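In case you want the letters, here they are:
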Amino acid sequence: MEIIQTLLNINLDYLILILIVIFFTLEQVLGTQFKFNNRLHHLYHNFLMYVALFLLNIFWAGLIVFTIQWFNTQEIGLLYWIEIPLWSKIFLGILMYDLSSYWFHRTAHYLPVIWRFHRVHHSDTTMDSTTFLRAHPLELMLWFSVSEILTSAIFGLDLTILGVYYLVLFPMFFLEHANFKYPKWLDNTIGLIITTPNLHKVHHEQDEFYTNSNYADIFIFWDRLFGTFKYKPTEQINFGLEEFDEPKKQTFWYLLKSPFLNIRRIQSDKNNL
Ligand SMILES: [Zn+2]
Ligand SMILES: [Zn+2]
């Protein structure tokens, strides 16, 4: 319990800033899978997206905390009916948040109005660890926070469990998007259960056949279970979305307003030739 409390005292925004510095430096020093210029420019525009989320969260995060705490004080949710140790609760909680996020993410690919926001995350044509930061703040606030509130209410999860979930999720996200040469054996071993970086990168392929696959954040077995698992070797992947493949469409302002623009999805079939 003490360890958990110590971990939860870590400010998540500081954690993200530290992870940005560590990953950005490592990607500069170690051999990367893909080369691209203007990494600072890329970082700048992705980072601005995170700043926008941070500013909106000053008001929004309080509301989420209040709502989840209200459910907890009413003792609403499945885990209030059974007596299990805290460790099992945390493990089950992470599993349930991940399951919920799988379905919300999958839905975001099929509901056109949500896809308009979600495609911002997919728009990055030159991926590195900062691609994790590229997500439209309104999507995270209005879509994925609903997923977290609902999951907390259904399963009776509290802010401690949500906090531990974030502590697992954020470093995972940096690893999944990082431009490192990850060995293939990872995909054939822990990749049976956990979302490895190579498996998440398949989700960033331009070809819609692959974009609509590998939705899971932490446990790839949700995709294996629900029939959305696909594989393509990382070196063959064309990242991003063709309709965003222009320098001016890779900027913060364009991406921020892009959900409100009518941008037609371009079917990329060059990968199937
Ligand atoms: Zn997606
Ligand atoms: Zn991603």
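Residues numbered from 1 in each chain as written. Chains lettered and ligands numbered in written order. Predicted model: local features only at pLDDT ≥ 70, side-chain atom pairs only at ≥ 80, totals over all residues. Heavy atoms only, no water.

Caption draft 1: Looking closely at the overall build of the chain. Looking only at helices and strands, the chain has 12 helices and 0 strands in total. Listing every helix and strand of the chain by position from the N terminus yields α-α-α-α-α-α-α-α-α-α-α-α. For 273 residues, the compact-globule formula gives about 19 Å, and the C-alpha radius of gyration of the chain, at 19 Å, lands near that figure. Seen through its principal axes, the chain has C-alpha atoms that stretch 55 × 40 × 40 Å. Burial analysis of the chain (273 residues in total) assigns 52% to the buried set. Counting only carbon and sulfur atoms, one obtains 69% of the accessible surface of the chain, whose full area is about 13,600 Å². Of the charged side chains in the chain, 19 are positive and 24 negative; the average position of the first set lies 9 Å away from that of the second. (Helix = DSSP H or I, 4+ residues; strand = E, 2+ residues; numbered from the N terminus. Rg over C-alpha atoms; globule rule 2.2 N^0.38 Å. Buried < 20%, exposed > 50% of the residue type's maximum accessible area, 1.4 Å probe, protein only. Areas by Shrake-Rupley, 256 points an atom, 1.4 Å probe, with all protein chains shown as cover. Lys, Arg positive; Asp, Glu negative; His and termini not counted. Charge placed at Lys NZ, Arg CZ, Asp CG, Glu CD.)

Caption draft 2: Structural view of the coordination of the zinc ion (ligand 2). Donor atoms from the polypeptide that bind the zinc ion (ligand 2) are His-121 (NE2), His-177 (NE2), His-200 (NE2) and His-204 (NE2), placed at 2.0 to 2.1 Å. Coordination at the zinc ion (ligand 2) comes from 4 donor atoms whose angles at the metal span 91 to 157°, giving a geometry best classed as irregular. Taken in sequence order, the residues that donate to the zinc ion (ligand 2) follow the motif H-x55-H-x22-H-x3-H. Here His-177 lies in helix α7 (residues 159–177) and His-121 lies in helix α5 (residues 112–122), a separation of 56 residues in the sequence. Given the relative accessible area of 9%, His-121 is considered buried. (Donors = N, O, S within 2.8 Å, 3.2 Å for Na, K, Ca; no water. Tetrahedral: all angles 85-135°; square planar, octahedral: opposite > 155°, others 65-115°.)

Caption draft 3: Up close: the packing of helix α3 (residues 39–73) against helix α6 (residues 137–155). For the pair α3 and α6, the least separation of the axes is 10 Å and the interaxial angle reads 20°. The angle between the axes of α3 and α6 places the two elements in the roughly parallel class. For the pair α3 and α6, the sense of crossing is right-handed. For the pair α3 and α6, the contacting residues are Met-49, Ala-52, Leu-53, Leu-56, Trp-60, Ile-64, Thr-67, Ile-68 and Phe-71 in the first and Pro-137, Leu-140, Met-141, Leu-142, Ser-145, Ile-149, Ser-152 and Ala-153 in the second. Each residue belonging to the contact of α3 with α6 can be placed in one class, and the counts come to 14 nonpolar, 3 polar and no charged. (Axes fitted to C-alpha atoms, helices over the stretch in contact; angles between N-to-C directions. Parallel < 35°, antiparallel > 145°, perpendicular 65-115°, else oblique. Left-handed = near helix turned anticlockwise from the far one by under 90°. Contact = heavy atoms within 4.5 Å. Nonpolar A, V, L, I, M, F, W, Y, C, P; charged D, E, K, R; others polar.)

Caption draft 4: Region of interest: the coordination of the zinc ion (ligand 1). The zinc ion (ligand 1) binds to the protein through His-105 (NE2), His-109 (NE2), His-118 (NE2), His-122 (NE2) and His-203 (NE2); the donor distances cover 2.1 to 2.2 Å. Site description for the zinc ion (ligand 1): donor spacing in sequence, H-x3-H-x8-H-x3-H-x80-H. One end of the pair, His-122, is in helix α5; the other, His-203, is in the loop between α9 (197–202) and α10 (208–211), and 81 residues separate them in sequence. Of the two residues examined, His-122 and His-203, each falls in the buried class.

Caption draft 5: Spatial organisation of the side chain of Glu-139. Position of Glu-139 among the secondary structure elements: in helix α6. Despite its burial, Glu-139 pairs with no opposite charge, the nearest such side chain being Arg-119 at 10 Å. Those residues in contact with Glu-139 that lie beyond four places of it in its chain are Ala-108, Phe-117, His-118 and Phe-144. (Salt bridge = Lys/Arg side-chain N within 4 Å of Asp/Glu carboxyl O.)

Caption draft 6: Looking closely at the packing of aromatic side chains. Applying the stated criterion across every chain yields a total of 24 aromatic pairs. Taking the centre distance of 5.2 Å and the plane angle of 90° together, the rings of Phe-34 and Phe-239 count as edge-to-face. A residue pair is termed long-range when its members are at least 10 positions apart, and Phe-34 in the loop between α2 (12–29) and α3 and Phe-239 in the loop between α11 (221–226) and α12 (252–257) qualify at 205 residues. For Phe-34, a relative accessible area of 23% translates into the label partly exposed. Relative to Trp-103, the ring of Tyr-102 lies with its centre 5.1 Å away and its plane at 90°, an arrangement referred to as edge-to-face. For Trp-103, a relative accessible area of 36% puts it in the partly exposed group. One aromatic cluster is present, formed by Phe-23, Tyr-97, Phe-132, Tyr-165, Tyr-166, Phe-170, Phe-173, Phe-174, Phe-180 and Tyr-182 through successive ring pairs. Above the face of the Phe-229 ring, Arg-224 is positioned so that its terminal group lies 3.9 Å from the ring centre. Over the ring of Phe-209 we find Lys-230, and its NZ or CZ is 4.0 Å from the ring centre. (Phe/Tyr/Trp six-rings, centres within 6.5 Å; stacked < 30°, edge-to-face > 60°. Lys NZ or Arg CZ within 6 Å of the ring centre and 35° of its normal.)

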